Amino acid sequence: AISTVYNYFDKLLLTYLLGFQSLAIYYVAEALPSHIVQQTKAVLALLARPFNTKNRSFSFVWRYVKYGFLISLSLSLLLILVLPILIPLFFTTTYTSSIGIAQLFALAFIFQIPIWLFEFYLQSQKRVRSLYIYQLGVPLIAFIAYPIMIATAGLLGAVYTRIGLHALSFVTLLILARRQS
């Protein structure tokens, strides 16, 4: 239940604190990067077979995480370059102000593939306690960070919080994956 609320908490706060126009810009800015992220996750899930064995070490996963980070970085930079072309192509000129915000959203993608790889690793190792710590800890921090950042920095505060939460997720999963269960 906490993860469901966590997924929509930023949007609820934006609507409440800044109004529907800011929410519309936020949705447009988030739309293309989020769609590409979901497609990447589907492909990555197909390629995650090496993680299905219980006897994998952290060094095995770390090798994949480094490559995943490079792929995420490349896709993020590509998104930053392509979004100024795609947003006017798919949306009306009203939403061209969301191009810069969408480019910032693309920065959060840098951590996405490594996060998924660590999640696959923890699931394959049946490290349930570590997964619970991650799945409860990051949303709880989000519930504190989003109201503060949106109230102080507005729409950009929501984007900065999202980027920060992705970085925090990466660091948290790195620590949890290195720790012996």
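Report follows, based on the coordinates. (Residues numbered from 1 in each chain as written. Predicted model: local features only at pLDDT ≥ 70, side-chain atom pairs only at ≥ 80, totals over all residues. Heavy atoms only, no water.)

Its boundaries defined by the atoms lining it, the largest pocket holds a volume of some 920 Å³. Lining of the largest pocket is provided by 29 residues; of these, Tyr6, Asn7, Gln112, Arg162 and His166 occupy positions nearest its centre. Looking at the lining of the largest pocket, the elements that each hand over two or more residues are helix 1 (2-18), helix 2 (20-46), helix 4 (99-108), helix 5 (112-124), helix 6 (128-153) and helix 7 (155-178). Per-element tally for the lining of the largest pocket: the top contributor is helix 2, with 7 residues. Each residue belonging to the lining of the largest pocket can be placed in one class, and the counts come to 15 nonpolar, 8 polar and 6 charged. (1 Å grid on protein atoms, 1.4 Å probe; cavity = no way out; pocket = protein on both sides within 12 Å on 5 of 7 lines; lining within 4 Å. Points joined across faces, edges and corners; volume = space filled by probe spheres on them. Helix = DSSP H or I, 4+ residues; strand = E, 2+ residues; numbered from the N terminus. Nonpolar A, V, L, I, M, F, W, Y, C, P; charged D, E, K, R; others polar.)

What follows is about the environment of Leu44. Residue placement: Leu44 occurs in helix 2. With a relative accessible area of 14%, Leu44 lands in the buried category. When the C-alpha atoms of Leu44 and Leu23 are compared, they prove to be 30 Å apart, with 21 residues separating the residues in sequence. Those residues in contact with Leu44 that sit more than four places away from it in its chain are Ile113, Trp116, Leu117 and Phe120. (Buried < 20%, exposed > 50% of the residue type's maximum accessible area, 1.4 Å probe, protein only. Contact = heavy atoms within 4.5 Å.)

Counted at 1.5 Å a residue, the expected span for helix 2 with its 27 residues is 39 Å, and the 38 Å between its end C-alpha atoms agrees. Helix geometry: helix 2 is bent most strongly at Ala31, by close to 35°, with proline Pro33 lying one to four residues after it. Along helix 2, the residues that are buried comprise Ser22, Leu23, Ile25, Tyr26, Val28, Ala29, Glu30, Leu32, Pro33, Val37, Thr40 and Leu44. (Expected span 1.5 Å × (residues − 1). Bend = angle between axes of the 7 residues up to and from the residue.)

Next up on the list: the packing of aromatic side chains. Taken as a whole and assessed by the stated rule, the structure comprises 8 aromatic pairs. For the ring pair Phe9 and Tyr146, a centre distance of 6.4 Å and an interplane angle of 65° mean the geometry is edge-to-face. Highlighted residues: Phe9 in helix 1 and Tyr146 in helix 6, separated in sequence by 137 residues. According to the relative accessible area criterion, Phe9 is buried, its value standing at 17%. Of the residues examined, Tyr146 reaches a relative accessible area of 2% and is grouped as buried. Three or more aromatic residues link up through ring pairs in this structure, and these residues are Trp62, Phe69, Phe111, Phe118 and Phe170. (Phe/Tyr/Trp six-rings, centres within 6.5 Å; stacked < 30°, edge-to-face > 60°.)

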